[in-house]
Protein chains: 2
Amino acid sequence: MQSTKQTSPPPLLRALERLPADRVPVWFMRQAGRSLPEYRAIRGSESILEVLKDPELSAKITLQPVERYGVDAAILYSDIVAPYVSMPLELDIVPGVGPVAGAPLRGPEDLGRLRPLDPDRDLAAMAETVDICSCALEVPLIGFAGGPFTVASYLVEGRPSRDYLITKELMFTDERSWHSIMASLVDVALAVVGVQVAHGAAVVQIFDSWIGSLAPRHFNRFVRTHLEQLASGISDLGVPSIYFGVGTAGLLPEIATTGFAAVGLDWRSDLGAAAERYGDALGLQGNLDPATLFASEPFLLDEVAATLRESAPAAGYVFNLGHGVLPATDPGKLADVVAFVHEKGLALRMEGSR
Amino acid sequence: MQSTKQTSPPPLLRALERLPADRVPVWFMRQAGRSLPEYRAIRGSESILEVLKDPELSAKITLQPVERYGVDAAILYSDIVAPYVSMPLELDIVPGVGPVAGAPLRGPEDLGRLRPLDPDRDLAAMAETVDICSCALEVPLIGFAGGPFTVASYLVEGRPSRDYLITKELMFTDERSWHSIMASLVDVALAVVGVQVAHGAAVVQIFDSWIGSLAPRHFNRFVRTHLEQLASGISDLGVPSIYFGVGTAGLLPEIATTGFAAVGLDWRSDLGAAAERYGDALGLQGNLDPATLFASEPFLLDEVAATLRESAPAAGYVFNLGHGVLPATDPGKLADVVAFVHEKGLALRMEGSR
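Residues numbered from 1 in each chain as written. Chains lettered and ligands numbered in written order. Predicted model: local features only at pLDDT ≥ 70, side-chain atom pairs only at ≥ 80, totals over all residues. Heavy atoms only, no water.

Asker: How would you sum up the overall build of chain A? Please name residues and give values.
Answerer: The helix and strand tally for chain A stands at 15 helices and 9 strands. Over its C-alpha trace chain A gives a radius of gyration of 19 Å, about what one expects of a compact globule, namely 20 Å for 354 residues. Taking all 354 residues of chain A together, 62% fall into the buried category. Summed over its atoms, the accessible surface of chain A is roughly 12900 Å², and 51% of this surface lies on carbon and sulfur atoms. (Helix = DSSP H or I, 4+ residues; strand = E, 2+ residues; numbered from the N terminus. Rg over C-alpha atoms; globule rule 2.2 N^0.38 Å. Buried < 20%, exposed > 50% of the residue type's maximum accessible area, 1.4 Å probe, protein only. Areas by Shrake-Rupley, 256 points an atom, 1.4 Å probe, with all protein chains shown as cover.)

Asker: Summarise the pattern of salt bridges; cite the residues concerned and give the values.
Answerer: Residue and element names in this part refer to chain A. A full pass over the atoms with the stated rule returns 26 salt bridges over all chains. Among the ionic pairs, Glu 228 bridges to Arg 224, the shortest N-O distance being 3.2 Å. With a gap of 4 residues between them, Glu 228 and Arg 224 both fall in helix 11 (residues 224-236), about one helical turn apart. Residue Glu 228 is classed as partly exposed on the basis of its relative accessible area, which comes to 30%. Judged by relative accessible area, Arg 224 falls into the buried class, the value being 14%. As a salt-bridge pair, Arg 309 and Glu 351 come within 3.0 Å of each other at their nearest N and O atoms. (Salt bridge = Lys/Arg side-chain N within 4 Å of Asp/Glu carboxyl O.)

Asker: Which residues make up the pairing of strand 8 (residues 283-288) of chain A, and what values do they have?
Answerer: All names here are of chain A. Most of strand 8 is tucked away, with 6 of its 6 residues classed as buried. Alignment of strand 7 (residues 262-264) against strand 8, held across 3 bridges, turns out to be parallel. Bridged to Ala 262 within strand 8 is Gly 283. Of the pairings in the sheet, the one linking strand 8 to strand 9 (residues 317-321) comprises 5 bridges and is parallel in character. By the bridge assignment, Gln 285 is partnered in strand 9 with Val 318. After leaving strand 8, the chain enters helix 14 (residues 297-310) and then returns to the sheet as strand 9, a path that is right-handed. (Pairing = 2+ DSSP bridges. Right-handed = clockwise from strand over helix to strand, strands pointing away.)

Asker: Could you give an account of the interface of chain B and chain A, with specific residues and numbers?
Answerer: Each partner contributes residues to the interface: chain B has 36 residues there, and chain A has 36 residues. Carbon and sulfur atoms supply 58% of the area buried between chain B and chain A, which totals about 2800 Å² over both sides. The interface formed by chain B and chain A includes 6 salt bridges. Taken together, the connections running from chain B to chain A amount to 14 residue pairs in polar contact (both at pLDDT 80 or more). Breaking the side of chain B that touches chain A down by element, the ones donating at least two residues are helix 8 (165-173), helix 10 (216-222) and helix 14 (297-310) of chain B. Residue classes in the side of chain B that touches chain A are distributed as 16 nonpolar, 9 polar and 11 charged. (Contact = heavy atoms within 4.5 Å. Buried area = accessible area lost by both parts, 1.4 Å probe. Polar contact = N/O pair within 3.5 Å; in protein donor to acceptor, adjacent residues only side chain to side chain. Nonpolar A, V, L, I, M, F, W, Y, C, P; charged D, E, K, R; others polar.)

Here it is, written out as structure tokens:
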């Protein structure tokens, strides 16, 4: 645990409300996991789906990066497809591959296999994990769920894809089934984050990693209303929401109007331009290229500084990477980034606004 | 061959000079290749590197889509790494994998292996292929070379990559070697397109497919000057240039000022916004999602129409997909797209500008 008590409310929540905080909050996507030796020490070799049945272990993994780095948030250790494991989809998460569905959703005849969740049965272990984390943490816990397009891409393709061709074919040729699937996935996401928030999560991030594979007009036609539902549902839970996808530079004008409190950018988006354009109305999070962690320390810290300066026009800003921590990342470098953001973040954001 | 003689100059060249033409020009990235039965009939199973040693066969493959579709350009059948095959890189193009370099470039000690090309030895077959195509064609032949970042990514990683981590590590940690590699790759690209133009190519496209993996500030620091050199070198050859990369929505403001005559957009970029912002000074090409070819005919043609309308603010516009034709694409659909663009293109662009 962190040794110092947070002032209240914590910097992450202040930033997401676009209010000044006494430091720039920082956390890392995939901060828990393979880059940490203490994770590898307790993780074992079974599927993540097995680990998630063990709340004590899942909570330990969730808390490790907070203990090591002093980041401003924990993020629940889980997976976006985990809530679907009890449905007849033959779902597995294969190491080195990703989510695999042996019985994918391909048309109207498959829709019945997307059942509503029964929180008491399907989310009991998750609820217990969140309970343990919330008790132990002095910083906010971020809950999360998968964005409906990204989850759909796994459940429709049956495995990770390069071009999402089966998903798009369904979307383009059977709009009715597509919208039905998306609506079901939003229901599941809201059930998941509902339990997380009820048990103590203070923020919700939606990981819609592959949304950036869509043209802006397809986003508007096939995804927008579902994201609006999701954002509004999270808002009803009384917690701020962050929406993240990879390669969303072309979609940002669309995403900005779906109703999420904040948007996470990857490193290919121009943070400065986004802050200028959306920073009054939207919290921004990001967007350091995870590959810069493999550069020298001076190069890395120059990059962190540049990112902080670029963020200046955003009223609410959370430092993060532009995608998940890469497995081979040196945890020492991440610790240095946290220290640097905490020490110099506010000054560099001031500098950027001059 | 096409049965009708083109008016002179052809629509593609008019569009790239941002001048009105009597129809909207259209061609498809990867229009030659696996989606065509006549290609599969003559292709055999050897590596593309073997096929490229046979100018008659390479030319036949280049001409096939012009004969079938009546597109407004042929694009030379070749590969961006083919010019490197005689260098000590142990280069191969492995079916289902892509370019593989058994002896990749990893640091200063490897720089000597990037030799200047000897056009008479290294590019003789390519020159002969271009000769045959130029004689046979009534539409312009597009020559091409790889963009230096993308070629570097193959030669440094040694194989196709997801995160370009080895490439970026070299770029971030040994800027001198990086710039030296990039300068050599630009020299090779200019030698390649120089031969193509000398033998009759009327346009040059630079395929820098993976440039979209870079943050805007890394593009400016590590790539910009090399692209400026390349654009200026092509301009000296007296032909228009098109620069294409995937996922460049965030880089477009940077790419727009490198000196290429036109930029190809993928489908994730907002063509309408780009046309509005850059369409006076820059030709634009693109950007239909190749996955829409798997939709129904009415859906597909609506998409083509929407793309044409969005292009309206661009003075010079070339219809194309936002990435290469997918191998499973029905050639009949592509033929319908060509007919539609030729028949309705000008009217829809007029409609879009109202």
